[in-house]
Amino acid sequence: QVQLEESGGGLVQAGGSLRLSCAPSGRTFSVDAMGWFRQAPGKGREFVAAMRYTGVNTYYADSVKGRFTISRDNVKNTVDLQMNNLKPEDTAVYYCAARTYYSDAYRYASYYNDWGQGTQVTVSS
């Protein structure tokens, strides 16, 4: 099992930026991919971004493409989500997720087996 701890959420005005970090621990040698999902009140969990843990390919939801960037910091051993030009509709609880088996699917929550507790992001208009 992989434990995931998110940090970096908060309150920001529209047009502002936030950087989320996810620190994996435990069986990190087994991680194949990591992703970020979000869930707004009354809505389902939505894919945001993902990447292979040891690769360079990245995947984004159309709603965040060009504004959000997922990356791995090999010094801090975190997977980060840089969020720029934030909009009120980005308001949600953001979750970090890890998958410990290979798959070509990145956009579905059911393909990830370990999850963090979530961090709140609120964008005011």
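Residues numbered from 1 in each chain as written. Predicted model: local features only at pLDDT ≥ 70, side-chain atom pairs only at ≥ 80, totals over all residues. Heavy atoms only, no water.

A.B. asks: Tell me what's going on with the overall build of the protein chain, and back it up with residues and numbers.
C.D. replies: Secondary structure assignment for the protein chain yields 0 helices and 11 strands. Secondary structure elements of the protein chain occur, N-terminal to C-terminal, as β-β-β-β-β-β-β-β-β-β-β. Relative to its length of 125 residues, the protein chain is compact, with a C-alpha radius of gyration of 13 Å against a globular reference of 14 Å. In terms of principal-axis extent, the alpha carbons of the protein chain reach across some 40 × 30 × 25 Å. Expressed as a percentage of its 125 residues, the buried residues of the protein chain come to 43%. Considering only contacts in the protein chain between residues 6 or more positions apart, those separated by 24 or more positions represent 57%. A total of about 6,300 Å² of accessible surface is found on the protein chain, and carbon and sulfur atoms cover 47% of it. Side-chain charges of the protein chain comprise 13 positive and 11 negative groups, with the mean position of each set lying 2 Å from the other. (Helix = DSSP H or I, 4+ residues; strand = E, 2+ residues; numbered from the N terminus. Rg over C-alpha atoms; globule rule 2.2 N^0.38 Å. Buried < 20%, exposed > 50% of the residue type's maximum accessible area, 1.4 Å probe, protein only. Contact = heavy atoms within 4.5 Å. Areas by Shrake-Rupley, 256 points an atom, 1.4 Å probe, with all protein chains shown as cover. Lys, Arg positive; Asp, Glu negative; His and termini not counted. Charge placed at Lys NZ, Arg CZ, Asp CG, Glu CD.)

A.B. asks: Provide a residue-level description of the state of the cysteines, including the pertinent values.
C.D. replies: Under the defined criterion, the tally for this structure stands at 1 disulfide. Each sulfur in the disulfide pair Cys22 and Cys96 lies 2.0 Å from the other. In this structure the cystine formed by Cys22 and Cys96 twists about its S-S bond by roughly -80°; its chirality is therefore left-handed. With a gap of 74 residues between them, Cys22 in strand β3 (residues 18–26) and Cys96 in strand β9 (residues 92–99) connect regions that are remote in the sequence. One exposure class covers both Cys22 and Cys96, and it is buried. (Disulfide = S-S within 2.5 Å.)

A.B. asks: Give a detailed account of the pairing of strand β5 (residues 46–52), specifying residues and quantitative values.
C.D. replies: For β5, a buried count of 5 out of 7 residues is recorded, marking the element as mostly surrounded by other parts of the structure. As paired strands, strand β4 (residues 33–39) and β5 are joined by 6 bridges and run antiparallel to one another. If you follow Phe37 over to β5, its bridge partner there is Phe47. Bridge count between β5 and strand β6 (residues 58–60): 3 bridges; the pairing is antiparallel. Paired with Ala50 across the bridge in β6 is Tyr59. Linking two consecutive strands that pair antiparallel, namely β5 and β6, is a turn of 5 residues. (Pairing = 2+ DSSP bridges.)

A.B. asks: Pulling in residues and values, what's your account of a nonpolar patch on the surface?
C.D. replies: Judged by side-chain polarity, Tyr101, Tyr108 and Tyr111 come together as a nonpolar surface patch covering roughly 320 Å² of accessible area. Locating Tyr101 in the fold gives a position in the loop between β9 and β10 (114–115). According to the relative accessible area criterion, Tyr101 is partly exposed, its value standing at 35%. (Patch = residues over 30% accessible without salt bridge, like charges linked within 9 Å, V, L, I, M, F, W, Y side chains within 5 Å. Salt bridge = Lys/Arg side-chain N within 4 Å of Asp/Glu carboxyl O.)

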